[in-house]
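An overview of the molecular structure
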Amino acid sequence: MINKDRLAETFMQLVRIDSISKEEGKIAQTLFDLLSELGASVVRDDADQKIGGQSGNIIAKFKGTAAVAPIMLNAHMDTVEPGRGVEPVLDKGVFTSKGDTILGADDKSALAIILEALHVLNENQISHGPLEVVFTVCEEVGLLGAKNLDFDLISAKYGFALDATDTQGVITRAPSANHLKFTVHGKAAHAGAKPENGINAVQIAGSAIANMQLGRIDRETTCNIGLISGGRAINIVPDQVKVEGEARSHDEEKLEQVTQAMLDSFQKAVAAARQAGISESLPKLDVKVEKEFARTHIPEDHPVVVLATQAAANLKRNMICKATGGGADANVFSQHGIALGVLGTGMTDMHTLQESVKLDDMLATTELLLEIIRLHAHREGV
Ligand SMILES: [Zn+2]
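Residues numbered from 1 in each chain as written. Predicted model: local features only at pLDDT ≥ 70, side-chain atom pairs only at ≥ 80, totals over all residues. Heavy atoms only, no water.

Further remarks concern the nonpolar core. With 68 residues, the main nonpolar core has L35 and F135 as its most contacted residues. Among the elements that line this core, the one with the most residues is helix α4 (residues 105-123), at eleven residues. Setting aside residues up to four positions removed in sequence, F135 forms contacts with L31, L35, N57, I58, A75, M77, L111 and I114. Membership of the second largest hydrophobic core comes to 24 residues, among which are L180, F182, V184 and L263. (Core = buried A, V, L, I, M, F, W, Y, C linked by side-chain atoms within 4.5 Å. Buried < 20%, exposed > 50% of the residue type's maximum accessible area, 1.4 Å probe, protein only. Helix = DSSP H or I, 4+ residues; strand = E, 2+ residues; numbered from the N terminus. Contact = heavy atoms within 4.5 Å.)

Let's shift gears to empty space enclosed by the protein. For the structure shown, the criterion picks out two cavities of 30 Å³ or more. By volume, the largest cavity amounts to about 40 Å³. As for the largest cavity, its lining consists of N74, A75, H76, D107, A161, D163, A328, D329, A330 and V342. Listing elements by their share of the lining of the largest cavity, those giving two or more residues are β3 (71-76), β7 (158-164) and α9 (329-335). (1 Å grid on protein atoms, 1.4 Å probe; cavity = no way out; pocket = protein on both sides within 12 Å on 5 of 7 lines; lining within 4 Å. Points joined across faces, edges and corners; volume = space filled by probe spheres on them.)

This part is about the pairing of strand β5 (residues 94-97). Side chains of β5 alternate between two faces, with F95 and S97 buried and V94 and T96 left unburied. In this sheet, β5 lies alongside strand β4 (residues 88-91) in antiparallel orientation, the contact comprising four bridges. Considered in β5, the bridge of P88 is made with S97. Pairing of β5 with strand β17 (residues 356-358), which is carried by three bridges, proceeds in the antiparallel orientation. For F95, the partnering residue across the bridge sits in β17 and is V357. (Pairing = 2+ DSSP bridges.)

So, about the coordination of the zinc ion. Listed as protein donors to the zinc ion are H76 (NE2), D106 (OD) and D163 (OD); their distances from the metal cover 2.0 to 2.2 Å. Within one chain, the residues donating to the zinc ion are spaced in sequence as H-x29-D-x56-D. Here D163 lies in strand β7 and H76 lies in strand β3, a separation of 87 residues in the sequence. Residue class for H76 comes out buried when judged on its relative accessible area of 1%. Owing to a relative accessible area of 18%, D163 belongs among the buried residues under this scheme. (Donors = N, O, S within 2.8 Å, 3.2 Å for Na, K, Ca; no water.)

Further remarks concern the environment of Q335. Within the secondary structure, Q335 is located in helix α9. For Q335, a relative accessible area of 42% gives the class partly exposed. Distance in space between the C-alpha atoms of Q335 and P283 is 37 Å, their sequence separation being 52 residues. When residues no more than four places from it in sequence are discounted, the contact partners of Q335 are K291, E292, F293 and A294.

Moving on to the sheet that holds strand β12 (residues 240-249). Across the sheet, five strands lie side by side as β10-β11-β12-β9-β13; this open sheet has antiparallel pairing. In the strand order of this sheet, the two ends are held by β10 (215-218) and β13 (284-293), each with one partner. Going across the sheet, the axis of each strand differs from the next one's by a mean of 20°, ignoring polarity. Strand direction decides the pairing type here: strand β11 (residues 221-230) and β12, joined by nine bridges, are antiparallel. Its bridge partner being in β12, I228 is matched across the sheet by V243. (Axes fitted to C-alpha atoms, helices over the stretch in contact; angles between N-to-C directions.)

Time to look at the sheet that holds β17. With respect to topology, three strands assemble into an open sheet ordered β4-β5-β17, the strand pairing being antiparallel. Looking at strand neighbours, the two that pair on one side only are β4 and β17, the edges of this open sheet. This sheet shows a mean twist of 25° between the axes of neighbouring strands, independent of strand direction.

Turning to the layout of surface pockets, a few remarks are in order. Size it by volume and the largest pocket reaches roughly 300 Å³. Along its surface, the largest pocket is lined by 17 residues, and F62, G64, L121, N122 and H128 are the ones closest to its centre. Only β2 (58-62) and α4 provide two or more residues apiece to the lining of the largest pocket. Of all the elements, α4 adds the most residues to the lining of the largest pocket, at three residues. When its residues are assigned to classes, the lining of the largest pocket shows seven nonpolar, eight polar and two charged. (Nonpolar A, V, L, I, M, F, W, Y, C, P; charged D, E, K, R; others polar.)

Structure (structure tokens):
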């Protein structure tokens, strides 16, 4: 029933459309039209106005014929750089780019798979439950599309995101993450003439970072300092430096501990510098801690896991529950009470010029998705 050639054609059509984050206007219009032709009622939300992009998120609803709870199918429309003028090459069943751009299988393999599954349902008049297809913008730049999604337009409480590699795994666990922003305020002075009048903010931040434990803290906890900027010129004692980092853990308590340890490190360094210092109010520290995303933990008896496992078993395949380091749209949906298991499309080496995806893997995930939808139509009370 699945049309392999059409799946390949749709994928190539989509990767040829430039869709760098915030520039999803054209691909969004294409998908809007394709989903409308397939019989969905399609809307775009106003996320574009909040994030300054070309398009909002697309939400397409198919009523279906089975009286069961709606299920969500999610993927993202945007890609990373270098992703302009992508020319797909299909060689021995494997898609790559010509070599000078990414391919965009992340996440257009998912878009093509979902569209092919919808085609099959449509042309074979297969009975299914209500489907809510959500294609987001700006996933690659901080999950901005999902974070600004109009959740009033959504009624599904669970479903599947297609945005991973492994076609025989479903990601059900992701950590909580905090985003930390530190600003150290020192005092500017001429570095040659009057250095003793200055307070070097860069040096204070350096000492704070040097005393942090970074990287993997334990099996389920990590932290990182990833951005630093400051200073004005080499002959000026720097009066300001901004440092950003993150902490992640599958355990909330550990996340709080690691976050606190990073804060302590900055506070100690600033306190030490002030003691030795020349001003009562400087150096000074500003700190901002934001929840980047909340922990996801879908239990084994949840419909998402049951559907994925049973569908795979029906196709005589394995399906295992997996954990990830987090940072996908699914984590944002989880925060809004929508449990999305993340399925793989076979895409590999994402965000590199070597990115590839096997057509057979895309085919396998289309089969899996159709089997999930078929099973879902026969589940009662979920
Ligand atoms: Zn992705």
